[in-house]
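Working through the structure, step by step
The primary structure of each chain is shown beneath.
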Amino acid sequence: MLPADDAYVPYEHLRQPGRDPRRMLAQTRSEWLRRSGPRPDLWVFGYASLIWRPDFGFSERHATRVHGWHRALAMWSRVNRGTPEQPGLVFALLPGGSCSGLVYRVPGHDAEAVFDTLWAREMPSGVYDARWLRCATPHGQVAALAFTLSRRSPSFTGELAPEQYRHIFRHASGRYGSTLDYARRTMETLREHGIHDRRLRALLDLADA
């Protein structure tokens, strides 16, 4: 299994101070059990690479939308889609607006293992804030695990100019390929599921300008 494009940082010294991934995992597991009782199913919301490479088994998958958060190509990547000298970008879930994506149902007997898989993939550096977001499903509303980013995080890019995006699309590439390929793969997979992201389409138009 490959680490996630969105979060993987292999060096201990790049972890954010005061953010212990193991403690964050224990807290999130505890929240899950308090919400759902013993051995419940786990729901996971995917908005970028989890859509086209979830890396875990699931019993159901549905298109859905979360409110109060939006997908943004606004997190620095200095390993997977860029380098320290030429940082790339990956997606984050930021406060405000809404976001269409996929929600996965993981059977309760597999949930503990999937927690471990997700943490190894998304949270080795502790960059994200794990949250339980409300998602509509054919079974009604569920609380799904999602990985969000604070605007106070040093990994948040802030507002970038069109010229900056254009430069990154043309030059940023890391161990798993370029920022441009990553963004295009996300766009293509969203479309396959009937999801149209106008912000992402506008950014990718910059690459061809």
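A brief look at the structure comes next. (Residues numbered from 1 in each chain as written. Predicted model: local features only at pLDDT ≥ 70, side-chain atom pairs only at ≥ 80, totals over all residues. Heavy atoms only, no water.)

With that settled, the discussion passes to the overall build of the chain. Looking only at helices and strands, the chain features 6 helices and 7 strands. Secondary structure elements in the chain, listed N-terminal to C-terminal, are α-β-α-β-β-α-β-β-α-β-β-α-α. In the chain, which comprises 209 residues, the share counted as buried stands at 56%. Within the chain, residue pairs in contact and separated by at least 24 positions form 77% of the contacts whose partners lie at least 6 positions apart. Carbon and sulfur atoms form 49% of the exposed surface of the chain, whose accessible area is close to 9900 Å². (Helix = DSSP H or I, 4+ residues; strand = E, 2+ residues; numbered from the N terminus. Buried < 20%, exposed > 50% of the residue type's maximum accessible area, 1.4 Å probe, protein only. Contact = heavy atoms within 4.5 Å. Areas by Shrake-Rupley, 256 points an atom, 1.4 Å probe, with all protein chains shown as cover.)

Extensive coverage of strand S1 (residues 42–46) is indicated by the burial of 5 of its 5 residues. Residue alternation in S1 divides its side chains into two sets, Leu 42, Val 44 and Gly 46 and Trp 43 and Phe 45, and both sets are buried. The pairing of S1 with strand S3 (residues 88–106) spans 5 bridges and is classified as antiparallel. Bridged to Trp 43 within S3 is Arg 105. (Pairing = 2+ DSSP bridges.)

Take the packing of helix H4 (residues 162–171) against helix H6 (residues 198–207) next. At a minimum axis distance of 8 Å, the contact between H4 and H6 shows a crossing angle of 65°. When the interaxial angle is binned, H4 and H6 end up roughly perpendicular. Seen from above, H4 lies across H6 with right-handed handedness. Contacts between H4 and H6 pair Pro 162, Tyr 165, Arg 166 and Phe 169 from the former with Leu 203, Leu 204, Leu 206 and Ala 207 from the latter. Taken together, the residues of the contact of H4 with H6 break down into 7 nonpolar, no polar and 1 charged. (Axes fitted to C-alpha atoms, helices over the stretch in contact; angles between N-to-C directions. Parallel < 35°, antiparallel > 145°, perpendicular 65-115°, else oblique. Left-handed = near helix turned anticlockwise from the far one by under 90°. Nonpolar A, V, L, I, M, F, W, Y, C, P; charged D, E, K, R; others polar.)

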